[in-house]
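Spelled out, the chains give:
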Number of protein chains: 2
Amino acid sequence: MTTSNSEQAAIAATIIDMERAALERWGKGDPFGFIEICADDVVYFDPFQERRLNGIDELRALYESIRGQVSIARFDLIDPRVQAVADMAVLTFNYVAEGTNEVTSRWNCTEVFRRDDGAWRIVQTHWSFTRPEGTTS
Amino acid sequence: MTTSNSEQAAIAATIIDMERAALERWGKGDPFGFIEICADDVVYFDPFQERRLNGIDELRALYESIRGQVSIARFDLIDPRVQAVADMAVLTFNYVAEGTNEVTSRWNCTEVFRRDDGAWRIVQTHWSFTRPEGTTS
């Protein structure tokens, strides 16, 4: 299963860049940067759902419902870490975002990527609040 | 990257059984069923931590602090799903637990397992409340 340190580093750089690019669009109200890098079988958790979402169609419907509603002034990925094998990798980080309304939110995030026909795609997303409230102002 | 359907089913059965066995011990106040199946580089999120925990030593310290404090009368893994490649697999489920105090808690869970020298080990755990409150009585 082992991949070399240089392979690990290359995988990490690739998927962290993908995540940052999707988060840049996210912060401008465009969730579809994520949809474009999700696999059809993606599963998804966030604190507002009653259960896990299953598949790209359920996730797309959620993202359609919040399109244009997120406005982030700046964000930070704290200590992103990637644990990888040849064709799957898990990215974890703490995310801090300051909205244009000056409210700061703090999140835990786990993204699992799978390499499908050479392209890394998200197969699992889990967002939760860091500590239950998650929000300070 | 592809693994056959039968390989996927075998991996799924293995890791769901491991998770259930660890949760059985967890519900009796023994978190160390999880420690025994974690890799040294495990990372961990739950709603009570200020940041991601990094590595088995940080997780062990947390679990030492709650040993004997959890008492679950019954629990259910709702719709467990496994997405696997040859040497990594992500298990997701909603977890509902009824404590011996009759309080029901509802959680989202993501476990990532990696096959290390033939043995599946947890490398990432993410627990969060289903909906922010997570608890009903």
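Our subject in this report is the structure included herewith. (Residues numbered from 1 in each chain as written. Chains lettered and ligands numbered in written order. Predicted model: local features only at pLDDT ≥ 70, side-chain atom pairs only at ≥ 80, totals over all residues. Heavy atoms only, no water.)

**Topic: the overall build of chain A**
Assigned secondary structure in chain A consists of three helices and seven strands. Reading the secondary structure of chain A in the N-to-C direction produces α-α-β-β-α-β-β-β-β-β. The C-alpha radius of gyration of chain A comes to 15 Å, within 12% of the 14 Å expected for a compact globule of 137 residues. Oriented by its inertia axes, the alpha-carbon framework of chain A measures out at about 45 × 30 × 25 Å. The burial tally for chain A puts 52% of its 137 residues in the buried class. Considering only residue pairs separated by 6 or more positions, chain A has 53% of its internal contacts joining residues 24 or more positions apart. (Helix = DSSP H or I, 4+ residues; strand = E, 2+ residues; numbered from the N terminus. Rg over C-alpha atoms; globule rule 2.2 N^0.38 Å. Buried < 20%, exposed > 50% of the residue type's maximum accessible area, 1.4 Å probe, protein only. Contact = heavy atoms within 4.5 Å.)

**Remarks on the interface of chain B and chain A**
Contact residues are listed per partner, giving 41 residues for chain B and 41 residues for chain A. Note on chain B versus chain A: buried area summed over both sides is about 3,200 Å², and carbon and sulfur give 55% of it. Counting across the chain B and chain A interface gives four salt bridges. A salt bridge links Glu 50 of chain A to Arg 131 of chain B; the shortest N-O distance between them is 3.2 Å. Across the chain B-chain A interface, the total number found is 20 residue pairs in polar contact (both at pLDDT 80 or more). If you list the elements that add at least two residues to the side of chain B that touches chain A, you get strand 1 (38-45), strand 3 (72-84), strand 4 (88-99), strand 5 (104-116) and strand 6 (119-129) of chain B. At seven residues, strand 5 of chain B tops the list of elements feeding residues into the side of chain B that touches chain A. Taken together, the residues that form the side of chain B that touches chain A break down as 18 nonpolar, eleven polar and twelve charged. (Buried area = accessible area lost by both parts, 1.4 Å probe. Salt bridge = Lys/Arg side-chain N within 4 Å of Asp/Glu carboxyl O. Polar contact = N/O pair within 3.5 Å; in protein donor to acceptor, adjacent residues only side chain to side chain. Nonpolar A, V, L, I, M, F, W, Y, C, P; charged D, E, K, R; others polar.)

**Considering the environment of Ser 65 of chain A**
Residue and element names in this part refer to chain A. Following the sequence through the fold, Ser 65 ends up in helix 3 (residues 56-66). Measuring from C-alpha to C-alpha, the distance between Ser 65 and Gly 99 comes to 19 Å, with 34 residues separating the pair along the chain. Of note is the side chain of Ser 65, whose polar atom sits 2.5 Å from the backbone oxygen of Leu 62.

**Digging into the relation of the copies chain B and chain A**
Between the two chain copies there is a screw-like relation: a rotation about an axis and a shift along it. Of the two same-sequence chains, chain B is brought onto chain A (RMSD 0.0 Å, axial shift 0.0 Å) by a rotation of 180°. In short, the pair behaves as if placed about a two-fold rotation axis. Both copies contact each other with a shared surface, as 100% of the interface residues of chain B are interface residues in chain A too. (Least-squares fit on C-alpha atoms with pLDDT ≥ 70 in both.)

**A few points about helix 3 of chain A**
Side chains that are three or four residues apart share a direction in an α-helix, a result of its 3.6 residues per turn. All names here are of chain A. Along helix 3, the residues that are buried comprise Ile 56, Leu 59, Leu 62 and Tyr 63. On an axial view of helix 3, the arc spanned by its buried residues comes to 125°, and they lie on one face. Contact partners of the buried residues in helix 3: helix 1 (5-26), helix 2 (32-36), strand 1 (38-45) and strand 2 (53-54). The first or second residue beyond helix 3 is Gly 68, which carries a positive phi of 85°. (Arc of directions from axis to C-beta.)

**Structural notes on the environment of Asn 101 of chain B**
Residue and element names in this part refer to chain B. Following the sequence through the fold, Asn 101 ends up in the loop between strand 4 and strand 5. Look at Asn 101 and you get exposed, because its relative accessible area is 55%. Once the C-alpha coordinates of Asn 101 and Ala 73 are considered, the two residues, 28 residues apart in sequence, prove to be 8.4 Å apart. A distance of 3.0 Å separates a polar side-chain atom of Asn 101 from the backbone nitrogen of Val 103.

Scope: geometric values only; no functional claims are made or implied.
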